[in-house]
Amino acid sequence: MKTIEHWINGSPAAGTSPETAPVFNPATGQEQARVALASAVDVDTAVAAATAAFETWSESSLTQRTQVMFAFRQLLVEHEEELGRIISAEHGKTVDDARGEITRGREVVEFACGLGDVLKGSFSDQVSRGVDVHNFRQPLGVVAGITPFNFPAMVPLWMHPIAIATGNTFILKPSERDPSAANFVAELYKRAELPDGVFNVVHGGKEAVDAILTHSGIEAVSFVGSTPIARYVHETATSHGKRVQALGGAKNHAVVLPDADLKFAANHITAGAYGSAGERCMAVSVAVAVGDAADGLVEILERKAREVKVGPGDAAGTEMGPLVTKAAQERVENAVGVADGQGAAVIVDGRGLKVDGHEDGFFTGPSLLDHVTTEMDAYKEELFGPVLAVVRVDTLDEAIGVINANPYGNGTALFTGSGEAARRFQRNVKVGMIGVNVPVPVPMSYYSFGGWKDSLIGDSPIHGPEGIRFYTRPKVVTTRWPQPAQQVTAGFNFPTSS
Ligand code: NAD
């Protein structure tokens, strides 16, 4: 059976640890490869390679760095289908959906291609007599990214193009469930003439993560994953002196007002809830139906949920693939049973779905739960599967109250025809990313991505201007060039401008 190796200093590396983990094809349920699990020694090897590469990469010109990014971007375009199939085979999502995540990730590369403009400092002439001030930013050194299974290309792409373009060297620890995309990206970087050691991949689980969080040679850690691990990563890495950005889990509400176009809202909520089998941190997991919107909305949601075409991700016409693991399938199906027991109305029951020819695949169908209350587990837990819960409320302000009482604050959406309601919603809701008649409001790469509350631990969103800030340190230079004959008296008082 194939073993997926690390990628260190520009080449595949077996590592020193004999430990491996299984990598499944979720559509067939079969183990298709093993992935090497890095030990602390392997992480140390990667840090040594990245440290050596930083010496020269941090001295490279802006032009050289952006040329690599332009070449890398072109390779991502040319290999989108191939990379999409690699992702689909290990994650389970459809190939088209995987291509979508590559496109959204590539947009961050495009942002990095324009780095020359974004990194410009500022200059103040004559702040005091004969004195000027300017500022600029410099890279941190070796930085690391620890990423989740659900976007094996896009989430790392939120990190490494900006880290590398700003002059850092990078170590990626991708999810051990779908590790191959990271190695493919490493090969593309090599073909884009990125010097060896600038981008490295170590595979693994907790041991590798802990080695990264505590390694004295790593300056900063970017993490995206579940909230408990985000909290752990933030606490451990900051206590070891690192800069940390840590994005966590989510429970995203889509509010539907009675004045909304219900068909439009239901179509978009269906796609946002069941696309990628609900395994998106921006998936719509709760529809909050306001007043008279509820009955009509649920009627269309039910019809749409029953129409979703479930099958293997590489089959034409499939809209929703399997879940990533058998454990995820069991967890989601169990949650539907618990909701039933707690009094939710199971309008569409996705449990026990079998796909012809793929009987051992990790499939579950779309589930729609109505009359869910905020006390039920199906509301409180991040199910991370194709389950949409409908909560009924009487007013927009009540809907905002529900959202604000939820511990998560990643994304939310409002469906309405009222500008006044939309304005009130976006100003009052305690959520980082908001859509108005847009169900999955993932910001463009030149904005930054990040939630509020338990969806983001610490204070740094990811990519865009926040990404530049995160991967660089500022310097401010105060300069005086006195004329040779000029006498400048040095005072003992604290310097003030004059
Ligand atoms: P996860 O937290 O289980 O794993 C994320 C990473 O942490 C992986 O690389 C994994 O190997 C590592 N890890 C797991 N357990 C660990 C432990 N005990 N100690 C150290 N490291 C550990 O998340 P997942 O299941 O891969 O991904 C799904 C989660 O990610 C969901 O909660 C989802 O909402 C979240 N997510 C959030 C965003 C966002 O932008 N906020 C984006 C994508 C996914």
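Residues numbered from 1 in each chain as written. Predicted model: local features only at pLDDT ≥ 70, side-chain atom pairs only at ≥ 80, totals over all residues.

As annotated in an unreviewed UniProt entry, the protein chain carries the name methylmalonate-semialdehyde dehydrogenase (CoA acylating) and is attributed to Streptomyces liliifuscus.

Caption draft 1: Quick look at the pairing of strand 17 (residues 387-393). In terms of burial, strand 17 is a largely internal element, six of the seven residues being buried. Of the strand pairs in this sheet, strand 16 (residues 367-370) and strand 17 are connected by three bridges, and their pairing is parallel. Considered in strand 17, the bridge of Ser-367 is made with Val-387. (Buried ≥ 20, exposed ≤ 12 C-beta atoms within 10 Å, placed from the backbone. Helix = DSSP H or I, 4+ residues; strand = E, 2+ residues; numbered from the N terminus. Pairing = 2+ DSSP bridges.)

Caption draft 2: Main features of unusual backbone geometry. For Ala-277, which is not a glycine, the phi torsion comes out positive at approximately 55°. You can see Ala-277 is positioned in the loop between helix 10 (262-274) and strand 14 (284-290). The backbone phi angle of His-463 is positive, close to 50°, even though this residue is not glycine. As for its position among the elements, His-463 is in the loop between strand 22 (456-457) and helix 16 (464-470). With 28 C-beta atoms packed within 10 Å, His-463 lands in the buried category.

Caption draft 3: Representation of the confidence of the model for the protein chain within the structure. Of the residues in the protein chain, 100% reach a pLDDT of 70 or more, and the chain-wide mean stands at 97. Confidence metrics for the complex model read pTM 0.97 and ipTM 0.98. (pLDDT = per-residue confidence, 0-100.)

Caption draft 4: Structural context of helix 9 (residues 227-239). Between its first and last C-alpha atoms helix 9 spans 18 Å; for 13 residues at 1.5 Å apiece the expected length is 18 Å, and the two agree. Along helix 9, the positions that sit buried rather than exposed are Thr-227, Ala-230, Val-233, His-234 and Ala-237. Considered in projection along helix 9, the buried side chains sweep an arc of 120° and stay on one side of the axis. Among the exposed residues of helix 9, those oriented more than 90 degrees off its buried face are Pro-228 and Ser-239. Packed against the buried residues of helix 9 are strand 8 (142-146), helix 8 (206-214), strand 11 (220-224), strand 12 (243-247) and strand 22. (Expected span 1.5 Å × (residues − 1). Arc of directions from axis to C-beta. Contact = placed C-beta atoms within 7 Å.)

Caption draft 5: Seen up close, the sheet that holds strand 19 (residues 411-415). Taken together, the seven strands give an open sheet; going across it, the order is 15-16-17-14-13-19-20, and neighbouring strands pair in mixed fashion. Strand pairing shows two members of the sheet lacking a second neighbour, strand 15 (345-348) and strand 20 (433-436), which therefore form its edges. When the angles between neighbouring strand axes are averaged without regard to direction, this sheet yields 20°. Bridge count for strand 15 against strand 16 is three bridges, and the pairing is antiparallel. Considered in strand 16, the bridge of Val-348 is made with Leu-368. Against the sheet, helix 11 (residues 293-307) contacts strand 13 (252-256), strand 14, strand 15, strand 16 and strand 17, and its axis sits at roughly 150° relative to strand 14. (Axes fitted to C-alpha atoms, helices over the stretch in contact; angles between N-to-C directions.)

Caption draft 6: Geometry of the pairing of strand 23 (residues 472-480). The buried fraction of strand 23 is low, at zero of nine residues. As judged from the nine bridges shared by strand 7 (residues 131-139) and strand 23, these two strands associate in the antiparallel manner. When the bridges of strand 23 are listed, Gln-138 appears paired with Arg-473.

Caption draft 7: Focus on the UniProt feature "domain: Aldehyde dehydrogenase" (unreviewed entry) in the protein chain. Per the UniProt record, the feature "domain: Aldehyde dehydrogenase" (unreviewed entry) sits at residues 17-477. For the annotated span residues 17-477, helix accounts for 41% and strand for 21% of the residues, and the straight-line distance between the end C-alpha atoms is 47 Å. (UniProt positions renumbered as here; feature names shortened; annotations may be inferred.)

Caption draft 8: Inspection of helix 11 at higher detail. Helix length check: helix 11, at 15 residues, gives a terminal C-alpha distance of 21 Å against a target of 21 Å (1.5 Å per residue), a fit within 8%. Turning to helix 11, its buried residues are Ala-293, Ala-294, Leu-297, Val-298, Leu-301, Lys-304 and Ala-305. The buried residues of helix 11 occupy one face: seen down the axis, they fall within an arc of 130°. Within helix 11, the exposed residues directed more than 90 degrees away from the buried face are Asp-295, Arg-303, Arg-306 and Glu-307. Lining the buried residues of helix 11 we find strand 13, helix 10, strand 14, strand 15, strand 16 and strand 17.

Caption draft 9: The arrangement of the nonpolar core in detail. Grouped together as the largest cluster of nonpolar side chains are 86 residues, with contacts concentrated most on Ile-171, Ile-212 and Val-221. The biggest single contributor to this core is helix 6 (residues 154-165), with nine residues. Other than its neighbours up to four places away in sequence, Ile-212 contacts Val-43, Ala-144, Ile-146, Ile-171, Lys-173, Ile-218 and Val-221. By size, the runner-up hydrophobic cluster in this structure holds 70 residues, among which are Leu-369, Ala-389, Leu-396 and Phe-415. (Core = buried A, V, L, I, M, F, W, Y, C linked by C-beta atoms within 7 Å.)

Caption draft 10: Inspection of the environment of Gly-467 at higher detail. In this structure, Gly-467 sits in helix 16. Considered as a pair, Gly-467 and His-134 are 333 residues apart in the sequence and their alpha carbons are 22 Å apart. Contacts of Gly-467, omitting those with residues within four sequence positions, involve Ile-162, Ser-448 and Ile-462.

Caption draft 11: Looking closely at the sheet that holds strand 5 (residues 30-36). Strand order in the open sheet formed by three strands is 1-5-4, and the pairing between neighbours is mixed. Each end of this open sheet is capped by a strand with a single partner; those strands are strand 1 (3-4) and strand 4 (20-25). With two bridges connecting them, strand 1 and strand 5 associate as parallel partners. Residue pairing across strands places Thr-3 opposite Arg-34, the latter belonging to strand 5.

Caption draft 12: Expanded view of the site of the ligand. The local shell around the ligand holds 27 residues, among which Pro-148, Gly-225, Ser-226, Gly-249 and Cys-281 are the closest. Of the residues contributing to the shell around the ligand, the split by class is twelve nonpolar, eleven polar and four charged. Formed jointly, the shell around the ligand draws a minimum of three residues from each of two domains, domain 1 (2-248 + 455-477) and domain 2 (252-436). (Near = placed C-beta within 6 Å. Nonpolar A, V, L, I, M, F, W, Y, C, P; charged D, E, K, R; others polar. Domains from an automatic or database assignment.)

Caption draft 13: Here's a closer look at the domain arrangement of the protein chain. Entries for the protein chain in the domain assignment read domain 1 (2-248 + 455-477) and domain 2 (252-436). Measuring from the centre of the C-alpha atoms in domain 1 to the corresponding centre in domain 2 gives 31 Å. Contacts between the two partners involve 18 residues from domain 1 and, on the opposite side, 25 residues from domain 2. Mapped onto the side of domain 1 that touches domain 2, the elements with two or more residues apiece are helix 3 (80-91) and helix 4 (95-113). For the side of domain 1 that touches domain 2, the leading source of residues is helix 3, giving three residues.

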